[in-house]
Every structure is written in structure tokens, then in C-alpha cells.
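Letter by letter, the chains look like this.
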Amino acid sequence: MEISVIHWVCLALTILGVIVAGILYAGRQTGAAGFSLAGRKSGPVMIAGAFAGSALGGAATVGTATTAAYDGMVACYFTLGMGLGMILMGLFYARKLRESNLETVPQFLALNFGKSAGPIVSIITCFGIFFACSSSMLPGSHMICSLAGVPPVAAAGILVLLMVAYITFGGQKGSSFSGVLKTAVLWTALLAAACIAVYHYRGGESLWGGLSAMFAEKGVFSKGGTYGFSYIAATVVGTVTAQMYIQGLFSASNARTAARGAYLGALFTIPVGYMACAIGMYMGAHHPEMLATPAQASLVLPAFLLDSALVPQWLGGIALGGIVLCIISSAAVQALAISTMFSRDIVGDLMGVKDDRRIMMTNRIGLAVAAILVAVFCLVNWQGSSLWLNYLSMALRGGGTFLPLTLAIFFGGGICRHVSRRWVLASLVLSTLSALASLPVPQESALVQGMSAALDITAKDIHDMLPVISGLVVSAAVLLPGWLCTALCRGNDDKAAS
């Protein structure tokens, strides 16, 4: 991979232009709510920018292209699942969440299931988002190592500085505006690059010929419908319960605006996966030597953009700048979600700190600490898979939280008449422990092999999805008897009262 002066100039100008524009647009941030929720004045485009700022990160671009180089168009399930999750949020979740006037997912669950639920969900969700943040920073560190020729520690340090600058000076408002600009840059540059990849996939026949060949060889359903449904469902569960997306809904000016922003966010997100897939498939077909190791494979997208024989240098530089922005913004928004929950749910609600300035300062310090811890984890897990980290994240933040959150949305404040708080707390804890316990289960185990044969999905894919599956199954297994016991107790109480 050779990067020219033109590449560097276009890359740097793209990154600096978007970040500076976001900081200038945000202006001075006053108060904790102004920093983390943009003063609850965001319109649909800004909300969509917040969604895209988090969704379109390293896993959605670099990770998707890498997976496509191996498996083809099935890699688009990740962005497709996130987009469908955003649509569901707009349809069913946006109104109740926005009208609550809260700031975090744990606060909403504590409102419905008691104060004990808040700290539990905060800890679980923070761990989940930590791995999502890692899934963006890991491929970003690989990219910077290769592009700049610096060691991994320096690459991770550069990303931490950019993340902190991206959020600290602009908060949620600045990151939302930057997310809109980033999406515009990414769409323009990546779409042009994807068209080049499709056109040359079969020797420059035509766009239609290349696209037809891609779908015929490794199309969206090449691994079967069960595989697609499972991965999309896992991604939807993780998206619906994610603090970084729900934080965008909380920042909306009203409930209707929140829903419209979620729909627009889906429109921003879904097509990017197909663009990255096209480039990944081209590289898998024409440069299979890059798939020798996970670290090499993670560079298929930047390697294509740096191929001056195919992609004009100015376009490649802008596209690379857009991808680096994706990685920075996604990881930064996720780190902001962690610091917001820590400052509001732990420092504010649990420790009783009410001073607005102290909470805002805690939020900013927590952002930097979270970014540093993620960088350390990425250095230790240098050969890991970014997409697998994202699915692990979804298992931790969604496996136990999805069903209680959904029950609270549909039943509102009367949920505890249907399911006792004790059963919900047990569900949150046991489902999370189940997801964690499934991590060391090997692909060769009888459980994984049996599920693989029953569902007609490879053992590796079952192994990747096992944390999500186990978390949801245990959550449902606890909540169902909890619903029956609560209904029985309520019936007995009604009889005694009569």
C-alpha cells in the first residue's frame, strides 16, 4: 500500500474540515444536558447524523469489506440489521423514550422497574458498548499503522486524541452535525469507489455485468435464509437497546422528530454496507493474498482505495478520510455513551451528585478514560475480529436488556403488574452471565455442532452468535415464569380483596 502526497492532503483536509465544522456548529456547550443531549433541540437530520455517526464505524466499513472478501454479500447483514433496528425504534420506541425526558437507557428501566435496575443495566451496557467501541478502534489502528508507518501504540494514541477532540469540543450537537457531513463524504466517495469495483469485477464489462456476477457467486442468500435471519435479528436486538442510538432520540426536540430521525438514520446506514461489500468482493477475487492473516485482511478496503490504477488519488484520499472519520466518530460517540451513563447513572443517581458542572466534568473525563481503556484492549487483542467484537457487544447490551426494555415500552408504567421487578432484575443478571459463559465454548463442542446441524449454519457462525442467542433465551426463560407467577399472585390478591 503506497500513499502519495495527494492522498495525504485530501485525507487530512477531509478529516480536519469535518471535525472543525462540527466544533464551530456546536458553539459553546453549557450544562451537562447541552453537552450530552444537544439541549434536546435536534431536528431529524441531526438525529440521523447522530445515528450514522455511531453506526457507520470501523465494523460497518472496514469490517464489512473484510468479511465480504471472504463470504461475499452476506457481510451486508450488519448494516442491514442496524438499519432495520433504527426503523423499529422509530415505529415503536421513539415516542415513549423521548416523552420520558430522560438521558440514558438505565434511567428508563429504573423508572419502570425500580432504582435497583439502573446500576445493573449501566454496568452491563457499558461493557457492551466498550466492545462496540473496540470494534471501531481496532481496524482504525490497523489502518493508521499501515498508512503512517507507525507502531500500534502510536496508532492507538492518535485515534484516542482524535476521538477526544471530536467529542469534547462539540458534544452531542457537534458530533451529530459532523455525522451528517461524514455521511455525505462517505456516501459520495465510497459510492464512486464501489462503482469502480463493480465495473472491474469481471474485467470491465459493465456495471450491471459486474453486479450480476457478484450476486450470482456470493449473493445475499448464499449462506441460507436461517443464517441471514439470525444475524439480522442479533443486530436488531443490539441496535434497539444501544445507548448511543437512544441518546440521539433523547436529544430530539419532540417525539415525532425523534421517529423521523430514526428513519432517516436507517436510510443513511443501510446502503453503506453494500458499497463496502462490493469493494471487499473485488479484493477477495483479485487479491486473495491479502486474506492470509486477519491483520492483512482488515486492510482490503484501504488497499483498494490506494490503488491508483483504479481509483483517482484525490478520490481515494477523500474516501480514506471519510473512513477514518467513520472510525473516529463511531468510537467517540460510543465512548460518549459510556461516559454519559457513568456520569448520570453512577455519579449522579447512585452517588447523589446533583451539581450540573461536576456531572459535565465527569462526563468529559469519563470520555477520555473510556477511550484510553479501549485503546489498551485493542493493543492486547491486536489480531481480533472487529465484526465479532460488535456481535459480542450486542449480546451484552441487548441479550438481557431487549425484552425488559420492550416490555416497558409496550406496557408503560404498569409493567410491574405483569412482571414483578424481582423477575426482571433476575433476567438482567442471569442473561448477561449466560452470554459471558458462552464465550469460552469452543466451535468443536457438542452444543455448537448440534445447533449447526439443526439450523444448517456453520459452526463458526453459530459460535459467533452464541452469546446473543444464549442471552435472549435465558432472558425469556426467566421472564415467562415471572409473568405467570406475577399473574397468579395478582389473581390471589384480587380474590382475597373481594
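Residues numbered from 1 in each chain as written. Predicted model: local features only at pLDDT ≥ 70, side-chain atom pairs only at ≥ 80, totals over all residues. Heavy atoms only, no water.

### A closer look at the overall build of the protein chain
Secondary structure summary: the protein chain contains 22 helices and zero strands in total. Of all intrachain contacts in the protein chain linking residues separated by at least 6 positions in sequence, the fraction that spans at least 24 positions is 84%. Counting every atom, the protein chain has about 18,700 Å² of accessible surface; 69% of that belongs to carbon and sulfur. (Helix = DSSP H or I, 4+ residues; strand = E, 2+ residues; numbered from the N terminus. Contact = heavy atoms within 4.5 Å. Areas by Shrake-Rupley, 256 points an atom, 1.4 Å probe, with all protein chains shown as cover.)

### Some words on a nonpolar patch on the surface
On the surface, a nonpolar cluster with roughly 570 Å² of combined accessible area is contributed by Leu88, Leu91, Phe92, Tyr263, Phe410 and Phe411. Of all elements in the fold, only α5 (77–99) and α19 (402–411) reach the threshold of two or more residues within the nonpolar patch. Looking at the nonpolar patch element by element, the count peaks at three residues for α5. Structurally, the position occupied by Leu91 is in helix α5. (Patch = residues over 30% accessible without salt bridge, like charges linked within 9 Å, V, L, I, M, F, W, Y side chains within 5 Å. Salt bridge = Lys/Arg side-chain N within 4 Å of Asp/Glu carboxyl O.)

### Some details on the nonpolar core
Membership of the largest hydrophobic core comes to 153 residues, with the highest contact counts inside it found for Met143, Met163 and Phe304. Residue contributions to this core peak at 17 residues, all from helix α16 (residues 313–350). Setting aside anything within four residues of it in sequence, one finds Phe304 in contact with Ala193, Ile196, Ala197, Ile279, Tyr282, Met283, Leu310 and Val311. (Core = buried A, V, L, I, M, F, W, Y, C linked by side-chain atoms within 4.5 Å. Buried < 20%, exposed > 50% of the residue type's maximum accessible area, 1.4 Å probe, protein only.)

### Re the packing of α5 against α19
Contact geometry of α5 with α19 gives a least axis separation of 9 Å together with a crossing angle of 70 degrees. Between α5 and α19, the angle is such that the two are roughly perpendicular. Facing α5, whose interface residues are Phe92, Tyr93, Lys96 and Leu97, α19 presents Phe402, Leu405, Thr406, Ile409 and Phe410. Looking at the contact of α5 with α19 residue by residue, the classes come out as seven nonpolar, one polar and one charged. (Axes fitted to C-alpha atoms, helices over the stretch in contact; angles between N-to-C directions. Parallel < 35°, antiparallel > 145°, perpendicular 65-115°, else oblique. Nonpolar A, V, L, I, M, F, W, Y, C, P; charged D, E, K, R; others polar.)

### Here we look at the confidence of the model for the protein chain
Predicted confidence across the protein chain gives a mean pLDDT of 81, with 89% of residues reaching 70 or more. Below a pLDDT of 50 lies the segment residues 30–36, which in the model reaches 26 contacts outside its immediate sequence neighbourhood of four places, other chains included. (pLDDT = per-residue confidence, 0-100.)

### Focus: the pattern of salt bridges
Under the defined criterion, the tally for this structure stands at two salt bridges. We note a salt bridge from Arg95 to Glu99, for which the minimum N-O separation is 3.4 Å. One end of the pair, Arg95, and the other, Glu99, are both in helix α5, four residues apart, so they sit about a helical turn from each other. Accessibility expressed as a relative area gives 47% for Arg95, which makes it partly exposed. On the accessibility criterion, Glu99 (48% relative accessible area) is partly exposed. Among the salt bridges present, the one from Arg202 reaches Glu217, with a minimum N-O distance of 2.2 Å. Linking Arg202 in the loop between α9 (171–200) and α10 (207–218) with Glu217 in helix α10, this pair joins segments that are 15 residues apart in sequence. For Arg202, a relative accessible area of 34% puts it in the partly exposed group. Here Glu217 falls in the partly exposed class, since its relative accessible area comes to 40%.

### Some points on empty space enclosed by the protein
Under the defined criterion, the tally for this structure stands at one cavity of 30 Å³ or more. Space inside the largest cavity adds up to approximately 70 Å³. Along the walls of the largest cavity sit 17 residues, with Ser54, Ala55, Phe78, Gln334 and Asn390 positioned nearest its centre. Mapped by element, the contributors of at least two residues to the lining of the largest cavity are α3 (44–55), α4 (59–71), α5, α7 (117–148), α12 (243–250), α16 and α18 (386–398). (1 Å grid on protein atoms, 1.4 Å probe; cavity = no way out; pocket = protein on both sides within 12 Å on 5 of 7 lines; lining within 4 Å. Points joined across faces, edges and corners; volume = space filled by probe spheres on them.)

### Describing helix α20 (residues 421–437)
Helix length check: α20, at 17 residues, gives a terminal C-alpha distance of 24 Å against a target of 24 Å (1.5 Å per residue), a fit within 8%. Of the residues making up α20, those classed as buried are Val424, Leu425, Ser427, Leu428, Ser431, Thr432, Ser434 and Ala435. (Expected span 1.5 Å × (residues − 1).)

### Digging into the packing of α7 against α20
With their axes 10 Å apart at the nearest point, α7 and α20 run at an angle of 20 degrees to one another. By the angle class used here, α7 and α20 are roughly parallel. Note that α7 runs across α20; the crossing there is left-handed. In this structure, α7 uses Ala117, Ile120, Val121 and Ile124 to contact α20, whose residues at the interface are Leu425, Leu428, Val429 and Thr432. Split into classes, the residues belonging to the contact of α7 with α20 amount to seven nonpolar, one polar and no charged. (Left-handed = near helix turned anticlockwise from the far one by under 90°.)

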